[in-house]
Amino acid sequence: YGFSAFFLLEALLKMCALGTRAYFAQRWNQFDFTLVLVSLVDLALDVAVVENLLFDPVVLRIFRVFRVLRVLRRFRKLTKLFKTLFLSAPALVNVGSLLLLLL
């Protein structure tokens, strides 16, 4: 709950400082705000213990992983590393498939 509250406070402070139009003009801020909204919906569903939903609320928790991307934008070398890992993922799938065939 603490991280969600912190990110919500950050988004609200940035909106107050920049203004709503300037805040949403930047893609990273749109991304941050989307993550904050998803976190709030997840927390609300967790607290309300809603049953008979059309989807599993655990799916919303997957979006929490994307918070790492917020940190990555501040560290350029780390961003390059993750970009390289992302680009090499298809090749890793091929190598994994080959190893699976050999087993």
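Look up: the structure comes first, before these words.
Quick caveat, the model's predicted, so the values are computed rather than measured.

What counts, and at which threshold
Residues numbered from 1 in each chain as written. Predicted model: local features only at pLDDT ≥ 70, side-chain atom pairs only at ≥ 80, totals over all residues. Heavy atoms only, no water. Helix = DSSP H or I, 4+ residues; strand = E, 2+ residues; numbered from the N terminus. Buried < 20%, exposed > 50% of the residue type's maximum accessible area, 1.4 Å probe, protein only. Contact = heavy atoms within 4.5 Å. Patch = residues over 30% accessible without salt bridge, like charges linked within 9 Å, V, L, I, M, F, W, Y side chains within 5 Å. Areas by Shrake-Rupley, 256 points an atom, 1.4 Å probe, with all protein chains shown as cover. Salt bridge = Lys/Arg side-chain N within 4 Å of Asp/Glu carboxyl O. Phe/Tyr/Trp six-rings, centres within 6.5 Å; stacked < 30°, edge-to-face > 60°. Expected span 1.5 Å × (residues − 1). Bend = angle between axes of the 7 residues up to and from the residue.

**Some thoughts on the overall build of the protein chain**
Link 1 in the chain: Summing up its helical and strand segments, the protein chain has six helices and zero strands in all.
Link 2 in the chain: Along the protein chain, helices (α) and strands (β) appear in the sequence α-α-α-α-α-α when read from the amino end.
Link 3 in the chain: When burial is assessed residue by residue, the protein chain has 19% of its 103 residues classed as buried.
Link 4 in the chain: Of the contacts formed within the protein chain by residues at least 6 apart in sequence, a portion of 49% connects residues at least 24 apart.

**So, a nonpolar patch on the surface**
Link 1 in the chain: On the surface, a nonpolar cluster with roughly 450 Å² of combined accessible area is contributed by Phe75, Leu78, Leu81, Phe82 and Leu85.
Link 2 in the chain: Counting through the fold element by element, leucine 81 comes out in helix α6 (residues 76-102).
Link 3 in the chain: Given the relative accessible area of 46%, leucine 81 is considered partly exposed.

**Digging into the packing of aromatic side chains**
Link 1 in the chain: The final tally for this structure, using the stated rule, is five aromatic pairs.
Link 2 in the chain: Seen in terms of ring centroids, tyrosine 23 and phenylalanine 24 are 5.0 Å apart; in terms of plane orientation they differ by 85°. Their pairing is edge-to-face.
Link 3 in the chain: Judged by its relative accessible area of 1%, tyrosine 23 is buried.
Link 4 in the chain: For the ring pair tryptophan 28 and phenylalanine 31, a centre distance of 5.7 Å and an interplane angle of 80° mean the geometry is edge-to-face. Residue tryptophan 28 and its partner phenylalanine 31 are located together in helix α3 (residues 27-48), separated by three residues, close to a single helical turn.
Link 5 in the chain: Under the relative-accessibility criterion, tryptophan 28 is labelled partly exposed at 40%.

**Thoughts on α6**
Because each turn of an α-helix spans 3.6 residues, side chains separated by three or four positions end up pointing in the same direction.
Link 1 in the chain: Compared with the 39 Å implied by 1.5 Å per residue over 27 residues, the 38 Å span of α6 between its first and last C-alpha is a close match.
Link 2 in the chain: Roughly 45° is the biggest bend found in α6, and it falls at alanine 89, with proline proline 90 one to four residues downstream.
Link 3 in the chain: Burial analysis of α6 places just zero of its 27 residues in the buried class, which makes it a mostly uncovered element.

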